[in-house]
Amino acid sequence: NSLLGTTPELIAQGIPDAAYDPIEGDDPVLARALKQRNKVERDGQLSLGEAGFELPIAALAARAREIEATSDDDLLGLRAKELRQRALLDSTEYRESRQAANTWTAAFVSLKRAGVPELTTATVRVSGTQPQGLPAEVIRAIEDLSDQYAFFHAPIEFPGVFARGGFGVVLGNPPWERVKLQEREYFAERSPEIAQARNASERKRMIVAIQDANPTLWLSFQSALRHSDGESHLLRDTGRYPLAGRGDINTYSVFVEAMRSLVAPHGRVGVIVPTGIATDDTTKFLFGDLTAGGSLISLFDMGEISRWFADTGGLLRFCLLTIGGPESGRHEADLVFFARSISDLSDSDRHFTMRPEDFALVNPNTRTSPIFKTRRDAEITKSIHSRVPVLRLDGNPDGSPWGVDFLRMFDMANDSGLFLKEPTADSSPLVEPKMVHHFNHRFGDYRGVTLTPGTEVRQLPTPVEAQLRNPAFETKPRYWVNGSDVNDRLDGRWERAWLVGWRDVAAATNERTLIASVIPRVGANHKFLLAMSADPAFVLLPALLSSFVVDWLARQRLGGMSFGYFVMNQIPMLPPKAFGDTPPWTSERLATWLRPYLAELVYTSWSVQGYGRDLGWIGPPFVFRKERRDLMRSEVDAAFFLLYGLDRDDVEHVMDSFSIVRTKDEKEHGRYRTKELILDAYDGMTAAEPGSPFVSRLVPLPGDVAVSHAPRDGTIPGGWISWDDVLRGHPPPQAARQRGPGHAAVPPASPPAPLRHARPEPGGGSAPASPASTRPEHQPSLADVLRDDDDASAWTPESSLEPSSIALGMGVRHRSFGEGKILSVRESGRTTSLLIRFRTEQREIAFGYGLLEFM
């Protein structure tokens, strides 16, 4: 059941020079011939061209036609047919053709050491021209390798079929196995203690030790390793599988390429394979060739294999794949994903079609398939891709607006020798993906977790809110690494005191798929992939990575369990210049509007103080309050839905696809609260007009000093510097000005321009800002801003009023909400908040920000 072997006309499809290591000799003619794509000639001769000999395929084809023409309607005819078949297999033509093909193939898997017959170019030539001239020991070695690796040469075994151009139909359910030998699986039954080693480094040491302790097992392992290496070399380096023989090869992709080469020009291939054939990076060349050439007829994803074949216990997704021959002439492929029953294939809404240009639009780097559940998913995704560029477009110097780069910091296997079980004075935690979540690097804690050698903890305990409200609290990792090792990995690539990354282990059917987070400048294992960029707006990218719209777009292309770089690169991401534009719901730049949300969501512990400072917040962390965080996240999500151009119905459709989020909400709140909060914010933003911008539902507003922790001894209270100063890289001020007794000042890094003036943008250009902004940048008080304003005399800035002078019923005027009356005054620590009834609503406003005129 192996198609590892081949015949030369199928091998020679542009073989790289590196493929000739196993075929040594001084005959460059054969080397050149093998680089050409030889074929079965019309006269049926299988030719090696310039090598000067031909395999007698024509004679075999003639014998095959005789066999096919023999009637088998009765026992005598059936007997005659059997005898002719035996005669073909015993014929000189068959034996010599098979030997020549075996000789060429064996050269790639033969051991290269003393005492083993050499298989060189000269050997291959002799086998094809003078087969009786090979020494007996060479013939035996070739036959042994043929048996060991199960060489199979379809044109020799089916000469009549290939004389007619190939099979009309090829059906198969090939094995799904990695070619690379897996040490843990190999020793699972032979030596469980090796299989259960804590890490790869320890396992390798134990394997070396069996060389003396158990030489029989050692030799068996070396033989299996050699067999695996030989198969890998044959698949990668012969040129027989130029599309599938790449990366971490799985046999199913090799079989698909082989089966495709066996089919006639107008034939069909039907095969059951993992859905990764269409979505994985290692198969992108094969699948891209299928789509670009119009060979893909249909692909029906049937979900996890264990749902259909319970005994497998597998989570791998599989599909029914149909491929046409080279002259099938199809220009559209019919696709269905996430089918849960055969009847789903009859649901027209689940079918969508993709033309070659659609694959190039949605996955421009890999040309792999998206995994849309419905036709509407396809329409929304294509529409977004037509407006928003992907994160990084390969081969295009202008195709990476963010200039993003990636890093795998510490490999759990190869770097395990660097891991520490206990912290030291200079050590740094080693972050694992399960320890982080959206806007929260303190999500998973190893405290109290019992670790068993050879096993993994899939889900860690999550700290309670009371713990997360402590800005000094940090979760416990499983390992630590030396801080110097962290700096070595980041040296010359990243200088900031924080990192951005995402979980590599993911699935399109999980509660959330793209789980990104900001973490301190610490160690990170290879399953938490890091991104970095020199663009000053990069500090804002975590908000985008954690949004529902980007998560949903990720789901449309993630077919496996790994959220690799190739997936991230092809997600549409708003470019940095978008954060310098003024969105329709506010008169502020997007960066100015967004950063208070990000600061309060992310900067909740002292360990990410550097991130807060790079956002422009100079002060202590913010208090972790779940209710406020839910509201803030919903407003950020609504903003990105608008910026990606989704209408309200599209937003509902996207949110309804997050079924686990819905289920959890309904269990906790009795309704789909997350969706309701987002739609409410979306409606408020779409209703905003010039002069009547959207106002956050949070009181105090996001990023307000009133919701920050008390400063440490010797540090300044909280405050904002302007976004322009952030972009200019100005250092934070060393002292703060007070705006009132007990209230935090906000020190500008340089004298602020009046709000009515245009301000530089992150992506170039400028955008006007209005005095009626819903949330000034907080860096100056309103009195500071209005000093040069012609209308400033009409205002009595609140910074000149003592809190003790405030009286209930006092009339006030707010720059955004208009006139109102004070209903109550609330003291909370150092903060005074006023509950004010305006004409259309009630709002709680933090006193001390220069937003109010007292009448």
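Since we're looking at a predicted model, the values are computed, not measured.

Looking now at the overall build of the protein. Each helix and strand in the protein was counted, giving 32 helices and 24 strands. Pairs at least 24 residues apart make up 69% of the contacts formed inside the protein by residues separated by at least 6 positions. On the protein, roughly 36800 Å² of surface is accessible, and the fraction owed to carbon and sulfur atoms is 50%.

Moving on to the side chain of Ser 253. Relative to the assigned elements, Ser 253 resides in helix H14 (residues 251-262). For Ser 253, the contacting residues outside a window of four places in its chain are Ala 244, Ile 277, Thr 283 and Leu 286.

Okay, the sheet that holds strand S10 (residues 427-431) next. Strand order in the open sheet formed by 3 strands is S11-S10-S14, and the pairing between neighbours is mixed. Single-partner strands in this sheet number two, and they are strand S11 (480-482) and strand S14 (523-524). Bridge count for S10 against S11 is 3 bridges, and the pairing is antiparallel. Along S11, the bridge assignment pairs Ser 428 with Val 481. Relative to the sheet, helix H21 (residues 483-490) contacts S10, S11 and S14, its axis offset from that of S11 by approximately 70°.

Overall, mixed pairing links the 6 strands, which are arranged S3-S4-S6-S5-S7-S8 in an open sheet. Bordering the open sheet on either side are strand S3 (167-172) and strand S8 (352-354), each of which pairs with just one other strand. Direction aside, neighbouring strands of the sheet carry axes that sit 15° apart on average. Across 3 bridges, the pairing between strand S5 (residues 296-304) and strand S7 (residues 333-336) is parallel. The residue of S7 that forms the bridge with Phe 300 is Val 336.

All right, on to the environment of Tyr 446 then. Here Tyr 446 shows up in the loop between S10 and helix H20 (465-468). For Tyr 446, a relative accessible area of 4% translates into the label buried. In the structure, Tyr 446 is positioned 16 residues away from Thr 462 in sequence and 9.3 Å away in space, judged by C-alpha atoms. If sequence neighbours within four positions are ignored, Tyr 446 has contacts with Glu 432, Lys 434, Met 435, Leu 451, Leu 460, Lys 476, Pro 477 and Arg 478.

Turning our eyes to something else, we now look at the pairing of strand S12 (residues 498-503). Two faces, one strand: in a regular strand the side chains alternate between the faces of the sheet. Counting buried positions along S12 gives 6 out of 6 residues, so the element sits mostly inside the fold. Bridge count for S12 against strand S13 (residues 516-520) is 5 bridges, and the pairing is antiparallel. What sits directly across from Trp 498, in S13, is Pro 520.

Another aspect to go through is the pairing of strand S15 (residues 528-532). Within S15, 5 of the 5 residues are buried, which leaves the element mostly enclosed by the surrounding structure. With burial as the criterion, each face of S15 is covered, one bearing Phe 528, Leu 530 and Met 532 and the other bearing Leu 529 and Ala 531. One ladder, built from 3 bridges, connects strand S9 (residues 405-407) with S15; its direction is antiparallel. Residue Leu 407 lies in a different strand from S15, and its bridge partner there is Leu 530.

A separate point is the environment of Val 825. Its place among the elements puts Val 825 in strand S21 (residues 818-828). Taking the C-alpha atoms as reference, Val 825 lies 6.4 Å from Leu 835; in sequence the two are 10 residues apart. Apart from residues no more than four positions distant in its own chain, Val 825 is found in contact with Ile 806, Leu 808, Thr 832, Ser 833 and Leu 834.

A few words now on helix H12 (residues 200-213). With 14 residues, H12 extends 20 Å from end C-alpha to end C-alpha; this agrees with the ideal 20 Å at 1.5 Å per step. Within the sequence span of H12, burial applies to Ala 200, Glu 202, Arg 203, Ile 207 and Ile 210. In an axial view of H12, the angular spread of the buried residues amounts to 150°, which keeps them on one side of the axis. Turned more than 90 degrees from where H12 packs its buried face, Arg 205, Val 208 and Asp 212 sit exposed. On its buried face, H12 is in contact with helix H10 (183-190), helix H11 (192-195) and helix H13 (215-237).

Relative to the helices and strands, Ser 427 is located in strand S10. A polar atom in the side chain of Ser 427 sits 2.8 Å from the backbone nitrogen of Thr 424. Not counting residues within four places of it along the chain, the set of residues in contact with Ser 427 comprises Leu 420, Trp 480, Val 481, Asn 482 and Gly 483.

The subject of this paragraph is helix H3 (residues 57-69). An ideal rise of 1.5 Å per residue puts 18 Å on 13 residues; H3 measures up with 18 Å between its terminal C-alpha atoms. For H3, the full list of buried residues reads Ile 57, Leu 60, Ala 61, Ala 64 and Ile 67. Down the axis of H3, the buried set is contained in an arc of 115°. They therefore lie on one face.

What follows covers the pattern of salt bridges. The full count for this structure, using the stated rule, is 42 salt bridges. Where Arg 648 meets Asp 683, a salt bridge forms, and the shortest distance between an N and an O atom there is 2.8 Å. Linking Arg 648 in helix H28 (residues 648-656) with Asp 683 in helix H30 (residues 673-686), this pair joins segments that are 35 residues apart in sequence. Taking relative accessible area as the criterion, Arg 648 reaches 32% and is therefore assigned partly exposed.

What counts and how
- Residues numbered from 1 in each chain as written.
- Predicted model: local features only at pLDDT ≥ 70, side-chain atom pairs only at ≥ 80, totals over all residues.
- Heavy atoms only, no water.
- Helix = DSSP H or I, 4+ residues; strand = E, 2+ residues; numbered from the N terminus.
- Contact = heavy atoms within 4.5 Å.
- Areas by Shrake-Rupley, 256 points an atom, 1.4 Å probe, with all protein chains shown as cover.
- Pairing = 2+ DSSP bridges.
- Axes fitted to C-alpha atoms, helices over the stretch in contact; angles between N-to-C directions.
- Buried < 20%, exposed > 50% of the residue type's maximum accessible area, 1.4 Å probe, protein only.
- Expected span 1.5 Å × (residues − 1).
- Arc of directions from axis to C-beta.
- Polar contact = N/O pair within 3.5 Å; in protein donor to acceptor, adjacent residues only side chain to side chain.
- Salt bridge = Lys/Arg side-chain N within 4 Å of Asp/Glu carboxyl O.

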